[in-house]
Amino acid sequence: MLTIHGVTRSRASRIIWLCHELDLPFKQVPVIQAYRLANPDAPDAPLNTHSESFLKLSPAGAIPVLQDGDLVLSESFACTLHLARKYGQPLGPGDAIEDALILQWSFYAATSIEEDALTILSNLGKGSPRPPEAEKAISQAAERLLRPFRVLDDHIARHGHMVGGRFTVADLNLAEVVRYAQGHAGLMGRFPALKVWLEACQSRPAFQKMWQARLDEPA
């Protein structure tokens, strides 16, 4: 059985969503991020990314970590791409061309979108009214996202999905990154195809199952 180390309120959500899509059973070890704890090194601290037992598994001290037999794998996109390749269609690549395109869009999510989308998410959560520096950070990040979101919006408008005309792990990986900026209504409203696509991804039963588990976790 697969083992996923990491709470659902983390990038482990990507792997969990995919496992639900593929009907893959898994065990989840709820390793929490150390920064969420007042003293992660306290003797009574819950299992976290500073815990000695976890650092033996992941010297980088980051979640998620996937164990698949003898394979121990970190980096959430590496985990989702591995599982999609291993278990194949319909979410995985059908041939070498699809494999290359899935890699392309996953890397695009990580390098061109995720940092600015996370900036929006973190600053939107700073209350209302937000401090001026938070508003500035949101505005600048949204401006930088115009170009990659325009790329996605155009591609989705023409093809419906990222690869192969069907929902694949490329859609899943991108949706989990674009989600960070979803709360910026003004930004998302400029890209109707992207907005509809994201809502369709999140309406899938596997996403809903993951999301409910995420909501049920302590904040």
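Residues numbered from 1 in each chain as written. Predicted model: local features only at pLDDT ≥ 70, side-chain atom pairs only at ≥ 80, totals over all residues. Heavy atoms only, no water.

Undergrad: For this particular structure, what's the right way to read the packing of aromatic side chains?
TA: Aromatic rings in a pair are described by how distant their centres are and how their planes are angled relative to each other. Tallied over the entire structure, the rule returns five aromatic pairs. Their ring planes at 90° and their centres at 5.9 Å tell us that Phe149 and Phe191 sit as a pair that is edge-to-face. Within this pair, whereas Phe149 is found in helix α5 (residues 132–159), its partner Phe191 is found in the loop between α7 (185–188) and α8 (192–202), the two being separated by 42 residues in sequence. The exposure classification of Phe149 matches that of Phe191, with both residues buried. When the centroid spacing of 5.5 Å and the interplanar angle of 15° are considered together, the rings of Phe207 and Trp211 count as stacked. Taken together, the residues Phe207 and Trp211, both in helix α9 (residues 205–216) and four residues apart, mark about one turn of the helix. Taking relative accessible area as the criterion, Phe207 reaches 3% and is therefore assigned buried. (Phe/Tyr/Trp six-rings, centres within 6.5 Å; stacked < 30°, edge-to-face > 60°. Helix = DSSP H or I, 4+ residues; strand = E, 2+ residues; numbered from the N terminus. Buried < 20%, exposed > 50% of the residue type's maximum accessible area, 1.4 Å probe, protein only.)

Undergrad: What should I look at first to understand the nonpolar core in this one?
TA: Nonpolar side chains tend to gather and get buried jointly when the protein is soluble and globular. Among the nonpolar cores identified, the biggest contains 54 residues, and Trp17, Phe149, Leu152, Met162, Leu187, Leu194 and Trp197 are the most heavily contacted of them. Setting aside chain neighbours within four positions, we find Leu187 in contact with Ile120, Ala142, Leu145, Leu146, Phe149 and Ala181. Val29, Ile32, Phe54 and Ile63 belong to the second-largest nonpolar core, a separate cluster that totals seven residues. (Core = buried A, V, L, I, M, F, W, Y, C linked by side-chain atoms within 4.5 Å. Contact = heavy atoms within 4.5 Å.)

Undergrad: Explain the side chain of Thr49 here, please?
TA: Topologically, Thr49 is positioned in the loop between β2 (26–29) and α2 (52–57). There is a polar contact of 2.9 Å between the side chain of Thr49 and the backbone nitrogen of Ala34. Look past the residues within four positions of Thr49 in its chain and what remains in contact with it is Val31, Ile32, Gln33, Ala34, Phe54, Leu55, Gly61, Ala62 and Ile63. (Polar contact = N/O pair within 3.5 Å; in protein donor to acceptor, adjacent residues only side chain to side chain.)

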